[in-house]
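Geometric and topological summary
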Amino acid sequence: MRRTYPDLCRAGRRMRLDLLKTINEERRARRGVIIATELASGNTRLIREADIDAQPDAETLWSVLRAGKSRVVQTESGERFLTVHVPPPRIVCVGAVHISQALVPFARQLAYDLTIVDPRTAFATPERFPDVALIAEWPDEALPDLQVDRYTAFCALTHDPKIDDPGLIHALGKECFYIGALGSRKTHAKRGERLLAAGLSQDDIARIHAPIGLAIGAQSPSEIALSIMAEMTTALRLGAAPAKASAA
């Protein structure tokens, strides 16, 4: 007999303690997990993020994980209810600039945790960024402790290579779902040359969304922030690749 959603809820309350323990462990490590429940039998199993590629329906599982939304899916063996547990997405911005200020309300409305990193203490002040996690240090000093991961979006916004480049090098060594950098195509071409000289590959540099944000003709800091959040959300939910990486 096909189980209804209330049935699944009651079954969830009786979930085995070992599953709950694993879910909590993965959550603390900021890794996603999926609880797959067979609707016909009620059998339940946990699928760790690290195990998804080995599953026959890996594409569907990644899609559900990216969406961060539980749903019923049809498989060869019948219907399954996939309960998704993912950590909250976060944004790390290098640059306490006007665009970063405009990003703050967007990030809050979309439930992103936001951290600003900028060694320039004249810019990185609580007055300019009230109630925002603010680190007035150089990126190569601050970023290792932030545990940048698959659920992190990274933005380089200072236009200063001394600040942006170390941040990009760190982010490109991680699994950030989004990496963006402010600047024109000409600026990004020069940035690419510097990053190549620093030992990064063309494939690494191709991960950078630059110029940052969707091409909506943005002019003001608020419009640029809007374009960044739209492009970032596209990357998070759809796994979209940079569309402008080859531009010079």
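We now examine the packing of aromatic side chains. Per the stated rule, a full pass over the model turns up 0 aromatic pairs. Looking at Arg120, its charged tip hangs above the ring of Phe123, at a distance of 4.4 Å from the centre.

On the surface, a cluster of nonpolar side chains totalling about 260 Å² of accessible area is made up of Leu214, Ile216 and Leu226. With respect to the helices and strands, the residue Leu226 is situated in helix 9 (residues 221-238). Given a relative accessible area of 42%, Leu226 falls into the partly exposed group.

One finds Ile91, Cys155, Leu157, Tyr178, Ile228 and Met232 to be the most contacted residues of the largest nonpolar core, which totals 29 residues. Mapped by element, the contributors of at least two residues to this core are strand 5 (90-94), helix 4 (98-109), strand 6 (113-117), strand 8 (152-156) and helix 9. Looking at this core, the element that brings in the most residues is helix 9, giving 7 residues. Those residues within four positions of Leu157 in sequence are excluded, and the remaining contacts are Cys93, Val94, Val97, Ile99, Ser100, Leu103, Asp164, Leu182, Ile212 and Ile228. Judged by nonpolar contacts, the second largest core, of 22 residues, contains Val117, Phe154, Leu168 and Ala210.

Under the counting rule described, the total for this entry stands at 0 disulfides. Of the cysteine sulfurs around Cys155, a residue in no disulfide, the closest is that of Cys93, at 4.3 Å. On the basis of relative accessibility, which here comes to 0%, the residue Cys155 falls in the buried class. No disulfide involves Cys176; its nearest neighbouring cysteine sulfur is the one of Cys155, lying 9.8 Å away. Relative accessible area serves as the criterion here: at 8%, Cys176 is assigned to the buried category.

Taking 1.5 Å of rise per residue, the 12 residues of helix 6 (residues 161-172) would be expected to cover 16 Å, and the 15 Å separating its terminal C-alpha atoms lies within 8% of that figure. What helix 6 keeps buried is the set Ile163, Asp164, Asp165, Gly167, Leu168, His170, Ala171 and Leu172. N-cap assignment for helix 6: the residue whose side-chain oxygen lies 3.0 Å from the backbone N of Lys162 is Asp160.

Rules behind the numbers
- Residues numbered from 1 in each chain as written.
- Predicted model: local features only at pLDDT ≥ 70, side-chain atom pairs only at ≥ 80, totals over all residues.
- Heavy atoms only, no water.
- Phe/Tyr/Trp six-rings, centres within 6.5 Å; stacked < 30°, edge-to-face > 60°.
- Lys NZ or Arg CZ within 6 Å of the ring centre and 35° of its normal.
- Patch = residues over 30% accessible without salt bridge, like charges linked within 9 Å, V, L, I, M, F, W, Y side chains within 5 Å.
- Areas by Shrake-Rupley, 256 points an atom, 1.4 Å probe, with all protein chains shown as cover.
- Salt bridge = Lys/Arg side-chain N within 4 Å of Asp/Glu carboxyl O.
- Helix = DSSP H or I, 4+ residues; strand = E, 2+ residues; numbered from the N terminus.
- Buried < 20%, exposed > 50% of the residue type's maximum accessible area, 1.4 Å probe, protein only.
- Core = buried A, V, L, I, M, F, W, Y, C linked by side-chain atoms within 4.5 Å.
- Contact = heavy atoms within 4.5 Å.
- Disulfide = S-S within 2.5 Å.
- Expected span 1.5 Å × (residues − 1).
- Polar contact = N/O pair within 3.5 Å; in protein donor to acceptor, adjacent residues only side chain to side chain.

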